Each structure stands twice: as C-alpha cells, then as structure tokens.
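Observations on the model geometry
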Amino acid sequence: MTFYSALLPPVRATGAAAWPVMVAWRMSWLVLLCGWVGLLLRGCWVSGLIAGGAAIMIGRLLPLPVALPLLGGLHLILALNAPDLRQWELRLRGYRPARGVYATDPKAALLRWMDHDRSRPLSPVS
C-alpha cells in the first residue's frame with residue numbers, strides 16, 4: 001500500500017482537468033534513472049529545468065571523476081524528493097492540498113478518496 005495525497009484542482013478548471021490529482025509518496029524510479037529529464041516527463045517543468053541547468057553546469061565545470069558521483073547523488077536526491085517537487089509544482093498551478101488515502105494504485109486511491117470525502121450522501125438513509 002502506498003500513501004497518495006490528493007490535490008484539488010483550481011475552481012476555474014473544467015472537463016478532465018477538474019478531477020483531483022493523486023500524488024504517490026514513494027521514490028520515482030523514472031527520476032532515479034533519467035534524472036532531470038524524468039522530472040520533465042512527470043510534468044515538473046520548473047524543478048526539472050532548474051535541476052537540468054545544475055546538472056549541465058556540473059558536467060561542464062567539474063572533471064569527470066568528480067562530476068559522476070555528484071550527478072548520481074543528484075539523481076538519487078531528485079528521485080527521493082519527486083513527490084514533494086510534484087506537489088509544489090501543482091500548488092504553483094493553483095491546486096489545493098486535501099486529505100490523502102492509502103491505496104494500491106492511483107485509480108484505487110481516487111475511488112477511495114471520493115468515497116471518504118462525499119460532498120452529499122448517496123442515499124437519504126446514509
């Protein structure tokens with residue numbers, strides 16, 4: 001089971017963008033393997049481009065035996081902090097944090113979150 005935090009879309013969102021976004025709190029393997037490019041693929045443009053600029057500068061300014069361990073450490077730090085970075089980027093876009101849930105995958109997390117946070121009861125009995 002993984003913890004998923006829910007982020008509610010801005011009030012002006014319509015259509016498919018009006019659904020909450022569920023962010024999994026676990027290490028991102030894509031970011032671990034691809035580094036800042038993985039962040040870009042996850043939709044974290046600001047932090048991905050900042051990390052990309054830092055990685056390019058490390059590669060150009062430092063000798064290779066020093067740059068490789070630093071770049072490996074950068075990949076690990078970005079992978080471990082990917083959920084925080086994703087939440088930060090979504091908040092920059094106007095999303096609001098809400099209570100999270102434990103689930104096995106994002107669809108189950110969304111269903112479980114919707115079950116817990118009903119705006120109105122489904123039947124007059126409940």
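Rules of the game
- Throughout, residues of each chain are indexed from 1 in the direction in which the sequence is written.
- Note on the predicted model: pLDDT of at least 70 is required for a residue's local features to be given, and 80 or more for side-chain atom pairs to be given and counted; whole-chain, interface and lining totals, by contrast, use all residues.
- Only hydrogens and water are set aside when side-chain values are computed; all heavy atoms of the structure are taken into account.
- UniProt positions are given in the numbering used here, feature names are shortened, and annotations may be inferred rather than shown by experiment.
- The helix and strand labels rest on DSSP assignments: H or I over at least four residues marks a helix, E over at least two residues marks a strand, and numbering proceeds from the N terminus.
- Only C-alpha atoms enter the line fits that serve as axes; for helices the fit covers just the stretch in contact. Angles between N-to-C directions range over 0 to 180 degrees.
- Oblique is the label for any angle not under 35 degrees, not over 145, and not in the 65 to 115 range, which are roughly parallel, roughly antiparallel and roughly perpendicular in turn.
- Contacts: residue pairs with any heavy atoms within 4.5 Å of one another.
- In this count, Pro and Cys sit with the nonpolar residues alongside Ala, Val, Leu, Ile, Met, Phe, Trp and Tyr, while Asp, Glu, Lys and Arg are called charged and the others, Gly among them, polar.

**Notes on the UniProt feature "transmembrane region" (unreviewed entry) in the protein**
- Here, UniProt's "transmembrane region" (unreviewed entry) annotation points to residues 29-58 and 64-83.
- Between the first and last C-alpha atoms of residues 29-58 the distance is 22 Å; the span itself is 90% helix and 0% strand.
- For residues 64-83, the helix share is 95%, the strand share is 0%, and the end-to-end C-alpha distance is 30 Å.

**Quick word on the packing of helix 3 (residues 45-61) against helix 5 (residues 82-92)**
- Contact geometry of helix 3 with helix 5 gives a least axis separation of 8 Å together with a crossing angle of 125 degrees. Here helix 5 runs oblique to helix 3, going by the angle between their axes. Counting all contacts with helix 3, which are made through Trp45, Val46 and Ser47, the residues of helix 5 involved are Leu85, Trp88 and Glu89.
- Counted by class, the contact of helix 3 with helix 5 contains four nonpolar, one polar and one charged residues.

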